[in-house]
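Topology and contacts: notes
Given next are the chains, with one letter for each unit.
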Amino acid sequence: MAQTEKKGGLLRKSSASKKPLKEKVVLMYDEIFTTEDPSKCNPRFWEELFLMKVNLEYLEGKLEALDGEELMKIKDNINCLFQHCIQALGEEHPIRVVNALQTLCALIRGVHQKNKSTSGFDIINMLVGFDKAELCMKNLMESLDSLLCAEGSESLKSLCLKLLLCLVTVTDNISQNTILEYVMINSIFEAILQILSSPLSRREHGYDAVVLLALLVNYRKYESVNPYIVKLSIVDDEATLNGMGLVIAQALSEYNRQYKDKEEEHQTGFFSALTNMVGSMFIADADEKISVQTNEAILLALYEAVHLNRNFITVLAQSHPEMGLMTTPTSPVPTTPVTPLGTTPPSSDVISSAELPLDADVQTSNLLITFLKYSSIVMQDTKDEHRLHSGKLCLIILTCIAEDQYANAFLHDDNMNFRVNLHRMPMRHRKKAADKNLPCRPLVCAVLDLMVEFIVTHMMKEFPMDLYVRCIQIVHKLLCYQKKCRVRLHYTWRELWSALINLLKFLMSNETVLLAKHNIFTLALMVVNLFNMFITYGDTFLPTPSSYDELYYEIIRMHQNFDNLYSMVLRLSTNAGQWKEPASKVTHALVNIRAIINHFNPKIESYAAVNHISQLSEDQSKLSCPGAPRACLTQWKAGSNHIV
């Protein structure tokens, strides 16, 4: 009880003979929440206020207890408090500055929260007043900029960033936060860059700076000219871009480490022992319990950097044997009331100790590898809407990377080989791959592995159509680069072909259910066009002539799926309905595949009949028509092949 009373600003319980004793700062707050000017009776009121330790809970509680009309009655005092806070930021005494920053946090949060539950008075007018808003906000932003750029206390810089994050995140929709117009006019972009370019500042404040920049970039980005977008797009300072990449890599690495720790704990726990006794029938349910909070804020920062700044692409590929970014902070960071939603930073032990160690069998790593590992974890479980959106953002980032010419150059570079241990979803019909057996390959192989893994593991009733479309688009963009630059990638293409065919099979098996929600023909057309690309242009990027044999063998072996697909789209394209046009497009796209099947199937059946073989192996199928795929390719090149 005594603790509760102290939190409410009481130092002593009330009794019959004595009044309750309150903290002095609480008494001063009470004076502010009256209609009288508190400085009338005490001319030094505002000077004394900022020497008192802020009671954030009491101040926010007082604001919360008032209704809209009551708050409007004390508007003048709220304006005075806000303006004196800004003035205090210019004081030399650090205690005044700290208290002013914390008071501003409480005011901004409290007034915004009150706006949600009342008639909607104007936030700017309530905080600072329309007549003084422009000047006051200019002074506020200039003071924050000076504190962030100065070589002073790291604690003050931390509080400045917390205040700015509080200012940015008080509304659910950042574009509805009208007070950010003043942050656009009075830019702090250079101060953020300075933090990211300095190793010491980045170590202390890098995470908050990156998150703040990502949020500011998204303010009305499609409605008006956002100066932060323009400035971020032209940053070319190597130290700044590397610093930003290092902060993002560290945050993603922390997530990967936490997931790996939970996974190992889960595998060595009681449930693991139980499943070993009864089999793996519950393996999928068990894995769902491995959950680590995702970090959309840092993912958003990575997207904006990749999407807006072409120079940042080089940061993705910069290798480092050890990250070793963090050391113990030299100054304490004061607690603040600000914890913006979706901006949870890495745990303090990681920030204050050392960079996350790399896998024992991986000598080098980079930001892209860390991101691919993160994506392989996040995209495992898309049943949860939160993770679904996170997985979508991962695929959007990969799309930006796959579209970039320079990114493709290092993705396909044979001299940049890495061993990337992607996380794979436990499934009953396959064993977990041993990480030690993974070869060193170009990074594009890891991207393709991630896409194949997603295709194979998400064929379910709650079908993530949008994610599948993005996944197939990424594969298509990578193939386009390989075709254009004649890159012969040594990759196990059969896994991709098999995954795509199984996807078509799933779409046909669940036609009725899926058509009620999605246009499955768009996805089917994309898959068929991928096969058309392999058939028509595979001679420019498939690694060996035998790869063509494997492609044709896979098509012929699974010909029943293509026949069934053709029957389905032909049926729907000949009927007058909403699916007539999209189905007819798939019908036309199947020309190449059906020609291959119709050309080779009779020869294979004839060979089997002559040699009295009921079921041909892969080698026997190839013997039945030696050299035919390459000869057939020549005919297609000269004739009417389907254009992708």
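Residues numbered from 1 in each chain as written. Predicted model: local features only at pLDDT ≥ 70, side-chain atom pairs only at ≥ 80, totals over all residues. Heavy atoms only, no water.

This part is about the pattern of salt bridges. A side chain with one charge may pair with a side chain of the opposite charge, provided their charged atoms come close. As enumerated under the stated definition, the model contains 22 salt bridges in all. Note that Lys-138 is salt-bridged to Glu-142, the shortest N-O span being 2.6 Å. In this pair, Lys-138 and Glu-142 both sit in helix H9 (residues 133-149), four residues apart, roughly one turn of the helix. Look at Lys-138 and you get partly exposed, because its relative accessible area is 36%. The closest approach of N and O atoms between Glu-223 and Arg-220, which form a salt bridge, is 4.0 Å. Given a relative accessible area of 60%, Glu-223 falls into the exposed group. For Arg-220, a relative accessible area of 21% gives the class partly exposed. (Salt bridge = Lys/Arg side-chain N within 4 Å of Asp/Glu carboxyl O. Helix = DSSP H or I, 4+ residues; strand = E, 2+ residues; numbered from the N terminus. Buried < 20%, exposed > 50% of the residue type's maximum accessible area, 1.4 Å probe, protein only.)

With that settled, consider the packing of helix H26 (residues 493-509) against helix H28 (residues 520-537). Helices that pack against each other are described as a pair by the angle of their axes relative to one another and the distance between those axes. Running from N to C, H26 and H28 cross one another at 150 degrees; their axes reach a closest spacing of 10 Å. Between H26 and H28, the crossing angle belongs to the class labelled roughly antiparallel. Seen from above, H26 lies across H28 with left-handed handedness. Contact residues: Trp-493, Leu-496, Trp-497, Leu-500, Ile-501, Leu-503, Leu-504 and Leu-507 in H26; Ile-520, Leu-523, Ala-524, Val-527, Leu-530, Phe-531 and Phe-534 in H28. Here the contact of H26 with H28 is composed, by residue class, of 15 nonpolar, no polar and no charged. (Axes fitted to C-alpha atoms, helices over the stretch in contact; angles between N-to-C directions. Parallel < 35°, antiparallel > 145°, perpendicular 65-115°, else oblique. Left-handed = near helix turned anticlockwise from the far one by under 90°. Contact = heavy atoms within 4.5 Å. Nonpolar A, V, L, I, M, F, W, Y, C, P; charged D, E, K, R; others polar.)

Another aspect to go through is the environment of Lys-392. By the element assignment, Lys-392 lies in helix H22 (residues 385-403). When near neighbours in sequence (up to four residues on either side) are disregarded, Lys-392 contacts Asp-466, Leu-467 and Arg-470. Side-chain polar atoms of Lys-392 contact the side chain of Asp-466, separated by 3.2 Å. (Polar contact = N/O pair within 3.5 Å; in protein donor to acceptor, adjacent residues only side chain to side chain.)

We now examine the environment of Leu-89. Tracing the backbone shows Leu-89 in the loop between helix H6 (75-88) and helix H7 (94-117). Here Leu-89 is in contact with Val-97, Ala-100, Leu-101, Leu-104, Leu-140, Ser-143 and Leu-144, once residues within four sequence places are set aside.

Over its 14 residues, H6 runs 20 Å from end to end, which matches the ideal 20 Å to within 8%, given 1.5 Å per residue. Taken across its 14 residues, H6 has 10 buried, putting it largely inside the fold. Where H6 is concerned, the buried positions are Lys-75, Asn-77, Ile-78, Asn-79, Leu-81, Phe-82, Gln-83, Cys-85, Ile-86 and Ala-88. (Expected span 1.5 Å × (residues − 1).)

What follows is about the packing of H28 against helix H31 (residues 580-589). Direction vectors running N to C along H28 and H31 enclose 15 degrees, while the axes themselves pass 9 Å from each other. Of the possible angle classes, the one that applies to H28 and H31 is roughly parallel. Handedness of the H28/H31 crossing: left-handed. Counted together, Phe-521, Ala-524, Leu-525, Val-528, Asn-529 and Asn-532 of H28 and Pro-582, Ala-583, Lys-585, Val-586 and Ala-589 of H31 form the full contact between these two elements.

Turning next to the environment of His-423. Locating His-423 in the fold gives a position in the loop between strand E3 (417-418) and strand E4 (441-442). Relative accessible area serves as the criterion here: at 14%, His-423 is assigned to the buried category. His-423 has contacts with Tyr-259, Glu-263, Lys-373, Ser-376, Ile-377 and Gln-380, leaving out every residue within four places of it along the chain.

To continue, consider the confidence of the model for the protein. With 77% of its residues at a pLDDT of 70 or more, the protein has an overall mean of 82. Within the protein, the lowest mean pLDDT, 39, falls on helix H20 (residues 348-352), and the highest, 97, falls on helix H25 (residues 465-485). Here residues 640-644 is a poorly scored stretch, pLDDT under 50, and it has 14 contacts once near neighbours within four places are set aside; other chains count. (pLDDT = per-residue confidence, 0-100.)

Taken as a whole and judged by the stated rule, the model has 16 aromatic pairs. Pairing Tyr-491 with Trp-493 gives two aromatic rings, centres 5.2 Å apart and planes at 75 degrees, and the pair type is edge-to-face. Here Phe-521 and Trp-579 contribute two aromatic rings whose centre-to-centre distance is 5.9 Å and whose plane-to-plane angle is 50 degrees, an arrangement assigned as tilted. Of this pair, Phe-521 sits in helix H28 while Trp-579 sits in the loop between helix H30 (559-573) and H31; the two residues are 58 residues apart in sequence, bridging distant segments of the chain. Classification of Trp-579 as buried rests on a relative accessible area of 16%. Linked through ring pairs, Tyr-491, Trp-493, Trp-497, Phe-534 and Phe-541 together constitute an aromatic cluster. A cation over an aromatic ring shows up here: Lys-483 above the ring of Tyr-537, its NZ or CZ 4.7 Å from the ring centre. Over the face of the ring belonging to Tyr-566 we find Arg-594, whose NZ or CZ atom lies 3.7 Å from the ring centre. (Phe/Tyr/Trp six-rings, centres within 6.5 Å; stacked < 30°, edge-to-face > 60°. Lys NZ or Arg CZ within 6 Å of the ring centre and 35° of its normal.)

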